[in-house]
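Each chain, written out:
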Amino acid sequence: MSKAIALGFLFISLMGAKGRKNEKLHYKTAFTWLLCGQAIFWSAGLVLYAPLEVTGIAFLYMAITTLGFIMTITGGTILSRIITKKMNDKDIFNKENETFPQEERLLENEYSINLPAKYMLKGKIRHSKINIINPFRGLLVSGSPGS
């Protein structure tokens, strides 16, 4: 029962694992680590039947259980990175979708301030204007003394 609870906490912690980015991660590697780790983790109980002293059995049991747990952590981390990477491939804030059409018209009046600007939309650089129609309303100028 305690091993199942430990694996439950491991699963919860792996949901938040980010790790480093690596393009060479594969499901096969992750499942190999997971399955080998689980086999070692659950088969550690067989050591209890070995004809050794109690301290030797305890040491072997803890070592084998720890090895299986670490292998399970490794496989789970790789798997969570793969899943996170697959989910983030369709991010709406990627290079193509991070901009939107902006004002390209020149709006002028007696007090207007018009600044030229450039932005990228659908892979093309477009020219636009930053139009400040009424600079007396809603304008804040800040700076340190002497700037």
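Located above this text is the structure these notes cover.
Let me begin by describing the structure that accompanies this report. (Residues numbered from 1 in each chain as written. Predicted model: local features only at pLDDT ≥ 70, side-chain atom pairs only at ≥ 80, totals over all residues. Heavy atoms only, no water.)

1. Side note on the overall build of the protein
When helices and strands are counted, the protein shows 3 helices and 2 strands. Order of helices (α) and strands (β) in the protein, N terminus to C terminus: α-α-α-β-β. Considering only contacts within the protein whose residues lie at least 6 apart along the sequence, 59% involve residues at least 24 apart. Of the accessible surface of the protein, which amounts to about 11,800 Å², a share of 65% is contributed by carbon and sulfur atoms. (Helix = DSSP H or I, 4+ residues; strand = E, 2+ residues; numbered from the N terminus. Contact = heavy atoms within 4.5 Å. Areas by Shrake-Rupley, 256 points an atom, 1.4 Å probe, with all protein chains shown as cover.)

2. Notes on the pattern of salt bridges
By the definition in use, this model includes 2 salt bridges. When the shortest N-O distance is used, the salt bridge between Glu-103 and Arg-105 registers 2.8 Å. Judged by relative accessible area, which is 32%, Glu-103 ranks as partly exposed. Given a relative accessible area of 52%, Arg-105 falls into the exposed group. With a shortest N-O distance of 2.8 Å, Arg-126 and Glu-104 are connected by a salt bridge. Residue Arg-126 is found in strand E2 (residues 124-132), and its partner Glu-104 is found in the loop between helix H3 (54-88) and strand E1 (113-121); the two are separated by 22 residues along the sequence. Looking at Arg-126, the relative accessible area reads 36%, which means it is partly exposed. (Salt bridge = Lys/Arg side-chain N within 4 Å of Asp/Glu carboxyl O. Buried < 20%, exposed > 50% of the residue type's maximum accessible area, 1.4 Å probe, protein only.)

3. Looking at the environment of Leu-46
By the secondary structure assignment, Leu-46 is in the loop between helix H2 (27-43) and H3. Remark: the alpha-carbon pair of Leu-46 and Tyr-61, spanning 15 residues in sequence, is separated by 8.5 Å.

4. What to know about the pairing of E2
Looking at chain direction, E1 and E2 are connected through 9 bridges and run antiparallel. Residue Ile-113 lies in a different strand from E2, and its bridge partner there is Ile-132. Taking the residues between adjacent antiparallel strands as the criterion, E1 and E2 are bridged by 2 residues, where Lys-122 takes a positive phi near 55°. (Pairing = 2+ DSSP bridges.)

5. Quick look at H2
With 17 residues, H2 extends 24 Å from end C-alpha to end C-alpha; this agrees with the ideal 24 Å at 1.5 Å per step. All buried positions along H2 are accounted for by Ala-30, Leu-34, Gly-37 and Phe-41. Axial view of H2: buried residues confined to an arc of 75°, hence all on one face. In this structure, H2 carries Lys-28 and Leu-35 as exposed residues pointing more than 90 degrees from its buried face. (Expected span 1.5 Å × (residues − 1). Arc of directions from axis to C-beta.)

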